Amino acid sequence: MPFCPECGEEIEALRKVISTQVTFEFFLNNLGRGFYGEQISDPEDPHDPNYGSFQCPECGEELPLDTDKKAEAFLRGELPSA
Ligand SMILES: [Zn+2]
């Protein structure tokens, strides 16, 4: 298994952190009260390689893995871990 370049711990799995921002419409209804309407953005998809960042589960440092493919290679020990 690879080692974290930041803390040196052996890593079995990475953490992928994605934005959890969700946007809703906010309306006035016919009684003049505000209410929430449709959700107008979806949370980012954890499978979308363009989103998110990988972190070490031990120290929480972000690792220089910008794609799922690099993360896979890292976990296979194919990328230098230091
Ligand atoms: Zn670490």
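These notes cover the structure that comes with them.

1. A look at the coordination of the zinc ion
Only Cys4 (SG), Cys7 (SG), Cys56 (SG) and Cys59 (SG) from the protein coordinate the zinc ion, and they sit 2.2 to 2.3 Å from it. Coordination at the zinc ion is tetrahedral, judged from the four donor atoms that bind it and the angles of 104 to 116 degrees they form at the metal. Between consecutive donors of the zinc ion, the numbers of intervening residues give the motif C-x2-C-x48-C-x2-C. The class of Cys7 is partly exposed, set by a relative accessible area of 33%.

2. Concerning the pairing of strand β3 (residues 34-39)
Relative to β3, strand β2 (residues 24-28) is paired through four bridges, and the arrangement is antiparallel. Among the inter-strand pairings, Leu28 is bridged to a residue of β3, identified as Gly34. Counting the residues in the hairpin turn of β2 and β3 gives five residues, including Gly32, whose phi is positive at 80 degrees.

3. Examining helix α1 (residues 68-75)
Those residues of α1 not exposed but buried are Ala71, Ala73 and Phe74. Viewed end-on, α1 has its buried residues packed into an arc of 160 degrees, placing them on one side of the element. Its buried side turned inward, α1 meets β4 (53-55). Gly77 occupies a position one or two residues after α1 and carries a positive phi of about 80 degrees.

Here is what the cut-offs are and how they apply
Residues numbered from 1 in each chain as written. Predicted model: local features only at pLDDT ≥ 70, side-chain atom pairs only at ≥ 80, totals over all residues. Heavy atoms only, no water. Donors = N, O, S within 2.8 Å, 3.2 Å for Na, K, Ca; no water. Tetrahedral: all angles 85-135°; square planar, octahedral: opposite > 155°, others 65-115°. Buried < 20%, exposed > 50% of the residue type's maximum accessible area, 1.4 Å probe, protein only. Pairing = 2+ DSSP bridges. Helix = DSSP H or I, 4+ residues; strand = E, 2+ residues; numbered from the N terminus. Arc of directions from axis to C-beta. Contact = heavy atoms within 4.5 Å.

The values reported here are purely geometric and, on their own, carry no functional implication.
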